[in-house]
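# Examining the three-dimensional arrangement
Listed below, chain by chain, are the residues.
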Amino acid sequence: MKIKFTYLTRYTMWLLMVMLTSISQITYAQTKINIKGLVKDASGNVLPGATIKVTGTSQATVTDVNGVFKIEVNDGATLSISFVSMATKTIQVNKSNTVVEVVLKENGKQLNEVVVVGYGTQKRSDVTGSVASVPKARLSQLPVTNVLQALEGAVAGVNITTTSSVPGSQPAALVRGQNSITAGSGPYVVVDGIPLSKTGGSLNDINPNDIASMEILKDASAVAIYGTNGSNGVILITTKRGSGGKPVIRYNGYAGTEDLAHILEPRDGASYIQKYADYLKQTGQTQTSPVPNASELPNYNAGRTIDWVKEATQQGVMQDHNVSISGGSPDVKYYISGDYLKQKGVVKGYQYNRISIRSNLDINVTDYLTIGTSLYYANNNYDGGRANLLFATAMSPYGNEYNADGTYTIYPMNPELLYTNPLLGLVTDQLNRSVNLNGNGYAELKFGGVLKGLKYRLNTGYTYLPTRNASYSGRLANTPLGAASASSSETNSYTIENILTYTKDINKHHFDFTGLYSAQRRRYFTTTGTATGFVNDELSYNNLGAGATQTSSSYSDRYALNSQMGRINYSYDSRYLFTLTARRDGSSVFGASTTKYGWFPSAALGWNISNESFLKNSTIVNSLKLRGSYGRSGNEAVSVYRTITTDGTVRFPFNGVSTIGVLASNLGNTNLHWETTQGANIGVDFSLLKNRINGAVDAYSTHTFGLLLNRSLPAITGYSSVLDNIGKTANKGIEVTLNTRNLDGKNFRWESTFVYATNKNKIVELYGDGKDDLGNRWFIGKPIGVIYDYKMTGVWQTGEDASKQDPGAKPGDLKFADTNGDGKITADDRVIQGQTSPKWTGGITNTFHYKNFNLSVFIQTAQGMLKNNADLNYADESGRRNTPAAIGYWSATNPTNSFQSLSYTNTRGYGYPRDASFTRIKDVTFSYVVPQSLLDKINVASLTFYVSGRNLHTFTKWIGWDPEQTFYTRGTSNSGANQSAFTADWTNNYPVTRTFVLGANISLK
Amino acid sequence: MKKYSIILFAVSVVIAFASCKKSYLDEKPYSTYTPLTLTDSLGFEAALVGLYNFESTILTYSSAQGWPSVWQVGTDVANATANQQGIEVPYYNYAQLTSTDGAASYIWGKYYSMINNANIIIDGVENPSAKIGTVGKNAADAEAKFFRAYAYNNLVTLFGKVPLVVHTLTAPKTDFVRASLDDVNAQIVNDLTFAISNLADLTAGTGKLNSQGKPVGRASKYMAMQLLAEVYLRMGKNDLAEQQAQAVINSGKFSLIKARYGVRAGGAGDYYSDMFVYGNERRAQGNSEAIWVLEQENPSSEVGGNTDAAQQRRVWGAAYYNISGLVISDTLGGRSIGRLRLSNWVLYGLYPTGDMRNSQYSIRRRYYYNDVTKPAIFGQQVPFTGPDTLYKICPSTTKWGAYDPNDVFGYAMIKDFMMMRLGETYLLLAEAQVKQGKTADAATSINVLRTRANAPQVTADQMTLNFVLDERARELIGEENRRMTLMRTGTLVERSLRLNSNDVQHPTTGLAAKNLLLPIPLSEIQLNKDAVLDQNPGY
């Protein structure tokens, strides 16, 4: 590699400092000199944590947060400066060259990067499993509230889906396809070595600004060390820590606007009137009024219309301010950060704000003992009564928003009572908060002498997670008696890990051993009180005792996990790599008839071909590694108390007084245990053509068995089902990540990152009888989520004879294919039409650098999935509510084949599946790095300004608000969706938002 | 220093390992009862209360809003309207009544679940280690057996031969077979016989407690007797049925309502309609006819007062809110949506002139504009036009009318369920008498009801089973499960086709003899993989 010296004589200030620095008292033959240096990357960003080694000695140091290092060396010494994913540089220093600026270039050789692999780190070149590191660029300068939002489409094999854009909501993450049918499929999240999953906390509690790196363990061998929690993939987050030196104050902040990315516009007045007339005609009714409801007449006669979507929405605002201070001495290093995030939603009443504080501390107590803490506090606030977007889309443009006294009307389309005023939620009180108070500590002992290489680490984590919710709905919000509720919960969790590591080099043999003994426990307790019958709305939820009727409830549970793990890494000459791991997990949730313990072993091999003599000097191949692994991991899947037969309490009134009763509820299964995933992965990591192309390709195949399913029982038993470990699924896929440097000029550079992943998911077995489960639409040999439905071929037209195929069908009714050819349309004509998860996903990032300007464009795509489109059918409500203008209807004068008539009743339960593929311009970031020469004048270490836009445009065939988001129809919900911020139901339909922010990253000297 | 580090290491390892006792992974539910609850008298008492709650969940089922229609439409008394929901469709369009039918599957599962809950109690009290005295034990046993018999009688009426399960299961079982009718009937008769001798008696008058000191809403011996009368009728043991019905009547604990009473006594109405006003329905509220009333309370004033969102009012009442100029009101019975409409046979052919059961207070046939903001039409009669008469202002029974000013939309209905009353006892008696050829006695029994209703008297030569069934419709419209009555008497096909075959909106089609039984749910046949559960003929 080419070595480049940069003399920075203009840094006279530093030179002065060097001169003033005291000279070593120890006398050597050679003169000692003090070197001060600054390490930067090619874009001018300083590089904290770069390692400076003095060649030929054991002397070394690292750069501080400003990228500055100081070292005392012999005159004429050679320094070697290295940094992850950068080409190492060596420079010679001498008396006349004591202040240096080193610019490191990306080597594309990510193989030298250090990656977190769980219970330790490894050099990228030594990794044998499939471990994806999230590109650093995705961790900054993006207006996201949850780090997963930044990952969407950016990491191969990690499928992130944003099913809701409600402020404070979290996207769903799926690593390498869905293993479980009924159990959770989300990856296990570990922050700084301590599990975040199963403590009640969420990634909302982790401020993205604090994240230094993020790794995703994907293949069975990499996740095996997380045993019964590993099979859905593991996300490892490492937060920033101090690197010593003078305090560095950084400010990262942005502020901007949010708008509805796409509006499914409701019909305007004229179109609404026409629809009503057509509806009456199609249902054989005579029209007596131009509008369906009497209360609409005055507005209609006056020609007044209301844009309800506009009434229910607002200009969204998003801002985030983060200040961090880091520094320390060689023995005490600190990183402290505080963050304030505020998001005002685009639908009225929605907001999210978060205050988070982090303090990470590392102390070298002695040369063999290091202790440290990672403490954080996050306060999530989702308060606020909210408008109902679904009702806003249903309102007549001639409806009445306000009463004469300025309050909201209850029924804008009176006497239509089905739809209340979409804004009523705004006059309710809603409190929704959660706090995560987390304290992690570690102590690390290094042994010497014969035990050299042995390290013991005690890792402890404690989480206290209180939540508080309260609500009040009163007279103004259509609750004549007033209804209040208040609930609070607390979750206490601890984790204790004993980790023993041993490293030994014997000639070219390198050994690493990791041993773990750990215990985790969680206690949960919640209470809820509700009250109705308040004198007036004065007290809100603050005095439940003032309600005439009160209820209370509470719930408590406990969860415990006890684990042992061992891992051996062996490598020979950095050419042949071998990893063997085994974990044994015992969990309280497993049945009393099992041992409660499961074994999860794995093995992996790696071959660094490029380190072989025949490739060592290749100019084409810079690095090449083959990887192969096989292993087993688990999914705890069972939730607490499912192995025990339980009774439920009920109430029933006699003589006006309700009495407690009990009824049999859950039939327990004492044999329940984890779901097991077993699979193989082969992969290749490569870097070619002077590192201009590098990347990784992985192929995998996994089988999951012992899937937890509700085995249906004959109802004669008194129970409908019992939970059992019976199903089997399989996933196969290919992942490609490619980083290229397309143009690499002096002033202009263009880099691209391609990410592609495809996963084939199928159900192998359900209940052991080889039969499909039609009710749940699970089919053996097909993916877990499929569309099984009638095939719509068009619409019955006037004059067509439906009597043979679909007796009773009128013109304007949907026409379905007689797939089984029996001449009739029956339930047997339903066929599998596609899958609900994408066949493939991909992302392309193009980054352009011109001098100090950087432009990054990220495009994401998800292809090949179907989704039921609820907006195509409003059941029996089409004549009673407004409908989207883009969704037409059949009529004699508009004989479309795409839409049904207004009188059509969907008696077959057809779901209206449509292609939900989309391509999105997800993020565009334009940044400007203020040149150092300018910064020096204002005494600032670095300064970057950026403009970032999110969800700029979506290309799709979907007719609706958005193909990715779930919109619920009136009265429906997804009780399975786990969202702390809101319930995933029809009252929380929320559009995709387009965000523009202006931001700055500043670090002060 | 090295030594210290080793000691430190040793200590921390010891601490970490010591924390894991063997019980560390044990599971104990902190806030949920397990079957261990059921070992003492308080536990049995709670389990018995559970049975009433359970029956209530069947009646108030709201996931399929057309649920109450299933038992009425496509029979002789009612038809589905344009506002039908879906679950009731196969019950007039019988071609769709197949082994995957939702309603059949639901009711099958619910009654077996009730049987399981009753079996848990029966096994529990009969266990020698149960902590309960003999008297309490027999009373609890009897109450559980009443519900078990009730569930089995419903199952047999609907499905014919069914598997007989009389003990709770400890493990999943998949080899059930259908027991003979004789075996199931014998079990029902045994359970009811035991119940009659061990259940509480009633005190005279309107006391709130029965002879065992429990609320009068709990099972009494008369509930078991009335049920046994119906069981015997189904079994063809008409003389025994007559005895049981007669015994209820002769007990002197009940009398027909023949005078105005209760919360609306001073308002518009008549005494027959008084019985169906919320606040009047229970024995303790003055309803001297009440044998079994399943009580409901408004949960906004009594926590746990109801179980689900009962749909009866919405199903039975007219959707008058759809007519401009009519607003939802108490006097019109609250908000209904008319999912079913009484058949023309009921509306125009059933009642003789003067029959109180057909008064405007029991079957509302005319509507008057009541929207005060429309003075031009206020008070005028709403004219009948187009589809209005088919569900918007169709004539409908007022028995399910209910209005909560705090819940105008009224998705749920708060109203008691009249499960058994003395009026029906006379009809059971008359049926038993007719079937034995005692037509004069039958006429006497019917005339008791006719006298009460100010309807013309009948004579012995008019007495046929069909007449009794007509009279049941007159007396019990809206209350009885009409489908089950016709299935029990084997008259579903003949009567439905003869009296109600050509409804304008949803005519009854495909009704055949096989429909005298419902299909055994296909899923049950399939899940019962270790033995054959025969399907009913024709399905």
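Below: a short report on this structure. The numbering scheme is per chain: residues are counted from 1 as the chain's sequence reads. All chains are assigned letters beginning with A, and all ligands numbers beginning with 1, in the order in which they are written. Selection of residues for local features in this predicted model requires a pLDDT of at least 70, selection of side-chain atom pairs for listing and counting requires 80 or more, and totals for whole chains, interfaces and linings are taken over all residues. Excluded from the side-chain calculation are hydrogens and water; included are all heavy atoms of the structure.

## A look at the overall build of chain B
Counting its secondary structure elements, chain B contains 18 helices and six strands. Note on method: radius of gyration uses C-alpha positions; expected globular size equals 2.2 Å times residues raised to 0.38. Its C-alpha atoms give chain B a radius of gyration of 27 Å, near enough to 24 Å, the size a compact globule of 539 residues would have. C-alpha extents for chain B along the principal axes are approximately 105 × 60 × 50 Å. By definition, residues are in contact when any of their heavy atoms lie within 4.5 Å. When contacts within chain B are restricted to residue pairs at least 6 apart in sequence, those whose partners lie at least 24 apart make up 68%. Taken as a whole, chain B presents about 19,700 Å² of accessible surface, with 55% of it coming from carbon and sulfur. Each helix is a run of H or I in the DSSP string that is no shorter than four residues. Each strand is a run of E no shorter than two, and both are numbered from the N terminus. Throughout, the Shrake-Rupley method with a 1.4 Å probe supplies accessible areas, and for residues the shown protein chains are the sole cover considered.

## Notes on helix α5 (residues 134-159) of chain B
Residue and element names in this part refer to chain B. A helix is expected to reach a length of 1.5 Å times the quantity of its residues less one. Between the first and last C-alpha of α5 there are 36 Å, a value that for 26 residues agrees with the 38 Å anticipated at 1.5 Å per step. Burial of α5 is extensive: 21 of the 26 residues sit out of reach of the surface. One or two residues past the end of α5 sits G160, with phi positive at roughly 80°. The buried label goes to any residue with under 20% of its type's maximum accessible area, the exposed label to any with over 50%, and the partly exposed label to all in between, with areas taken from a 1.4 Å probe on protein chains only.

## Quick word on the sheet that holds strand β6 (residues 89-92) of chain A
Residues and elements named next belong to chain A. Taken in spatial order, the four strands of this open sheet run β3-β2-β5-β6, and their pairing is antiparallel. Two strands close off the open sheet at either side, each with one partner strand: β3 (60-62) and β6. Here the average twist between neighbouring strands, direction ignored, is 20°. Examined bridge by bridge, strand β2 (residues 51-54) and strand β5 (residues 78-82) share four bridges and lie antiparallel to one another. By the bridge assignment, T51 is partnered in β5 with S82. Strands qualify as paired when DSSP identifies two bridges or more between them. Lines fitted to the C-alpha atoms define the axes, with helices restricted to the stretch that makes contact. Angles between their N-to-C directions range from 0 to 180 degrees.

## What about empty space enclosed by the protein?
Here a cavity denotes grid points, spaced 1 Å and computed from the protein atoms alone, that fit a 1.4 Å probe unable to get out, and a pocket denotes an open set having protein on both sides within 12 Å along at least 5 of 7 lines; residues with an atom within 4 Å of a point are the lining. Grid points are joined across faces, edges and corners, and a volume is the space filled by probe spheres set on the points. What the rule picks out here adds up to 15 cavities of 30 Å³ or more. Reported here for the largest cavity is a volume of approximately 840 Å³. Forming the boundary of the largest cavity are 41 residues, of which L59, M419, E479, E480 and N481 of chain B lie nearest the centre. Under the scheme applied here, ten amino acids are nonpolar (Ala, Val, Leu, Ile, Met, Phe, Trp, Tyr, Cys and Pro), four are charged (Asp, Glu, Lys and Arg), and all others, including Gly, are polar. Taken together, the residues of the lining of the largest cavity break down into 21 nonpolar, nine polar and 11 charged. By volume, the second largest cavity is sized at about 270 Å³. Lining the second largest cavity are 24 residues, with Q149, S165, R950, N951 and T993 of chain A sitting closest to its centre.

## Overview of the packing of helix α2 (residues 41-59) of chain B against helix α4 (residues 102-126) of chain B
Residues and elements named next belong to chain B. Two numbers describe how α2 lies on α4: the axes approach to 10 Å, and their chain directions differ by 170°. For the element pair α2 / α4, the angle class is roughly antiparallel. Facing F44, A47, L48, L51, F54, E55, T57 and I58 of α2, the residues of α4 in contact are Y106, I107, K110, Y111, S113, M114, N117, A118, I121, G124 and V125. Looking at the contact of α2 with α4, its residues break down into 13 nonpolar, four polar and two charged. Roughly parallel covers angles under 35 degrees, roughly antiparallel covers those over 145, roughly perpendicular covers 65 to 115, and oblique covers all other angles.

## Quick word on a nonpolar patch on the surface
On the surface, L743, F748, Y850, F853, F926, V947 and L998 of chain A cluster together into a nonpolar patch covering about 640 Å² of accessible area. Mapped onto the elements, V947 of chain A comes out in strand β45 (residues 940-956). Excluding any residue in a salt bridge, patches collect residues exceeding 30% relative accessible area, merging like charges within 9 Å and nonpolar Val, Leu, Ile, Met, Phe, Trp and Tyr side chains within 5 Å. Here a salt bridge means any side-chain nitrogen of Lys or Arg lying within 4 Å of a carboxyl oxygen belonging to Asp or Glu.

## A short note on the pattern of salt bridges
Residues and elements named next belong to chain B. Per the stated rule, a full pass over the model turns up 66 salt bridges over all chains. In this structure, E475 engages R357 in a salt bridge whose closest nitrogen and oxygen atoms are separated by 2.8 Å. Taken together, the residues span a long stretch of sequence, with E475 in helix α15 (residues 465-476) and R357 in the loop between α11 (344-350) and β4 (363-364) at a distance of 118 residues. Relative accessible area serves as the criterion here: at 0%, E475 is assigned to the buried category. With a shortest N-O distance of 2.6 Å, R482 and E480 are connected by a salt bridge. In this structure, R482 and E480 share a single accessibility class: buried. Taken together, the shared-partner salt bridges in this structure form one network comprising E289, D355, R357, K399, R421, R450, R452, E471, R474, E475 and E479.

## With respect to the interface of chain B and chain A
Taken together, the contact between chain B and chain A spans 82 residues of the former and 76 residues of the latter. Here the buried area means the combined drop in accessible surface, using a 1.4 Å probe, for two parts upon being joined, counting both sides. Summed over both sides, the interface of chain B with chain A buries roughly 6,600 Å², with 66% coming from carbon and sulfur. If you sort the residues of chain B by the area they bury against chain A, Y24, L25 and E27 of chain B come out on top, with a joint share of 12%. Where chain B touches chain A, the interface holds zero salt bridges. Contributing elements (two or more residues each) for the side of chain B that touches chain A: α1 (2-18), α2, α4 and α18 (522-527) of chain B.

## Focus on the sheet that holds strand β7 (residues 99-104) of chain A
All names here are of chain A. Strand order across the open sheet formed by three strands is β4-β1-β7, with mixed pairing between neighbours. This sheet does not close on itself; its edge strands, each paired only once, are β4 (68-74) and β7. When the angles between neighbouring strand axes are averaged without regard to direction, this sheet yields 30°. One ladder, built from six bridges, connects strand β1 (residues 32-41) with β7; its direction is parallel. Among the inter-strand pairings, V39 is bridged to a residue of β7, identified as V102.

## Side note on unusual backbone geometry
Residues and elements named next belong to chain A. The peptide bond linking N414 to P415 adopts the cis configuration, its omega dihedral lying at 5°. Following the sequence through the fold, P415 ends up in the loop between α7 (389-394) and β22 (429-446). Positive phi outside glycine occurs at K690, with the angle close to 50°. Take K690: it is sitting in the loop between β32 (675-688) and β33 (693-712). Judged by its relative accessible area of 65%, K690 is exposed. For N951, which is not glycine, the phi torsion reads 55° and is therefore positive. You can see N951 is positioned in strand β45.

None of this, on its own, says anything about what the molecule does.
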